[in-house]
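What follows is each chain in one-letter form.
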Amino acid sequence: MTYSKCRVCREPAIIDLPRHNANFCAEHLLQLCRRQVQKAISDHDMLSFDDKILVAVSGGKDSLAVWDILTELGYRADGLYVGLGIGDYSDISYDFTAAFAGERGLDLQTIDLRGEYGYDVPTAAKVTKRVPCSACGLSKRHLFDKAALDGGYDVVVTGHNLDDEAAVLFGNALRWDVEYLARQFPVLPARPGFPKKVKPLVRLTEREMAAWCIVRGIDYQVEECPMALGNKHLAYKEALNAIERESPGSKSAFYLNFVDKMAPILAGHSQAASGELNDCAVCGSPTTGETCAFCRLQDRVSGREPVPVELVLNKKARKAYLAAQSAAEE
Ligand code: Q46
Ligand code: ZN
Ligand code: ZN
């Protein structure tokens, strides 16, 4: 598709961005992305050039793009990939991550959940009878925190973009979940036992990140995680996209104005940030109980026979997953 002219240089554009009411050529799209990342970093005091940074990489466009942008801007950033054991999806995601790091000479650490902790996400979901994202999110958070603290990193970067954050905000606001709303900021400061965590892509959309990867020649996992099929997060994204089509700019106003105007009001409302914490009896991580949620999960699910991905999907998601599998095999 061709779009008229770049707003900056008047050369032919490669993308239209209705929320900016403008089109951009490849060079000026990259410039816009860099500037939005720099603005997020400086507005929220996310990173300094002396920081030792750990990027949580999944092999998808956002995490590879944020690693690429930070490196290009001159930050010192290593990557950490956690192998979740979600069938071919995880294997392919790892290949994209390793290729990206290898081609650029970047340091990539990997943790394999089954190899090192004796379980994978589908098995954990089956045993706990909870949605896969629950065990997955819990495991990733714990392992990224631990790797950052053990490795002497100052900060963990994740690739959450504007679409992700607006969708989470939408869900939290639908329920007026003040506890979650109070924690939904682009920066979580370090606390004893927890590293600082930042989201430098909160001013950029999925579409802009996909365009960044295409222009920069970054190959990434384009498939959604099969476990995400049918989850509420995707439904919230679709709802916000429908609003955005009618009224460009609504999505960024919804999220960025929340951060500017509501964050100061909600500060201090999170009990998790203020409660007393003990050291986990098994691993030493901070926890409100005796043993942390990660160690309790591991204790429950480790050593079980691996459960195939399709067995933990609902009927609709299983159908879509198996159809995609057989199409890939043809
Ligand atoms: S990887 Fe894990 Fe996501 Fe898949 S199981 Fe859910 S949380 S959807 S970012
Ligand atoms: Zn241009
Ligand atoms: Zn523990």
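Coordinates for the structure precede this section.
Residues numbered from 1 in each chain as written. Chains lettered and ligands numbered in written order. Predicted model: local features only at pLDDT ≥ 70, side-chain atom pairs only at ≥ 80, totals over all residues. Heavy atoms only, no water.

For the rest of this paragraph, the subject is the side chain of Gln36. Mapped onto the fold, Gln36 is located in helix α1 (residues 26-43). Every residue in contact with Gln36, bar those within four places of it in the chain, is listed here: His20, Arg203 and Leu204. (Helix = DSSP H or I, 4+ residues; strand = E, 2+ residues; numbered from the N terminus. Contact = heavy atoms within 4.5 Å.)

The subject of this paragraph is the coordination of the zinc ion (ligand 3). The protein atoms that coordinate the zinc ion (ligand 3) are Cys280 (SG), Cys283 (SG), Cys292 (SG) and Cys295 (SG), at distances spanning 2.2 to 2.3 Å. For the zinc ion (ligand 3), the 4 donor atoms are set out with angles of 106 to 113° between them, so the coordination reads as tetrahedral. Counting the intervening residues between successive donors of the zinc ion (ligand 3) yields the motif C-x2-C-x8-C-x2-C. Overall, the relative accessible area of 36% leaves Cys283 in the partly exposed class. (Donors = N, O, S within 2.8 Å, 3.2 Å for Na, K, Ca; no water. Tetrahedral: all angles 85-135°; square planar, octahedral: opposite > 155°, others 65-115°. Buried < 20%, exposed > 50% of the residue type's maximum accessible area, 1.4 Å probe, protein only.)

One finds Leu47 and Trp212 to be the most contacted residues of the largest nonpolar core, which totals 59 residues. By size, the runner-up hydrophobic cluster in this structure holds 37 residues, among which are Val82, Leu84, Ile111 and Tyr117. (Core = buried A, V, L, I, M, F, W, Y, C linked by side-chain atoms within 4.5 Å.)

Right, let's talk about the coordination of the zinc ion (ligand 2) for a bit. Looking at the metal site, the zinc ion (ligand 2) is ligated by Cys6 (SG), Cys9 (SG), Cys25 (SG) and His28 (ND1), spaced 2.0 to 2.3 Å from it. Around the zinc ion (ligand 2), the 4 donor atoms are arranged such that angles at the metal cover 96 to 115°; this shape is classified as tetrahedral. One chain supplies every donor to the zinc ion (ligand 2), and in sequence these donors are spaced C-x2-C-x15-C-x2-H. One end of the pair, Cys9, is in the loop between β1 (3-5) and β2 (12-13); the other, His28, is in helix α1, and 19 residues separate them in sequence. What makes Cys9 partly exposed here is its relative accessible area of 28%.

Right, let's get into the packing of helix α2 (residues 61-73) against helix α3 (residues 87-104). In contact at an axis separation of 11 Å, α2 and α3 are set at 15° when each is read in the N-to-C sense. Here α2 lies roughly parallel to α3, going by the angle between them. In the packing of α2 onto α3, the handedness of the crossing is right-handed. Touching Leu64, Trp67 and Asp68 of α2 are Phe96, Thr97, Phe100, Ala101 and Arg104, all from α3. Classifying every residue of the contact of α2 with α3 gives 5 nonpolar, 1 polar and 2 charged. (Axes fitted to C-alpha atoms, helices over the stretch in contact; angles between N-to-C directions. Parallel < 35°, antiparallel > 145°, perpendicular 65-115°, else oblique. Left-handed = near helix turned anticlockwise from the far one by under 90°. Nonpolar A, V, L, I, M, F, W, Y, C, P; charged D, E, K, R; others polar.)

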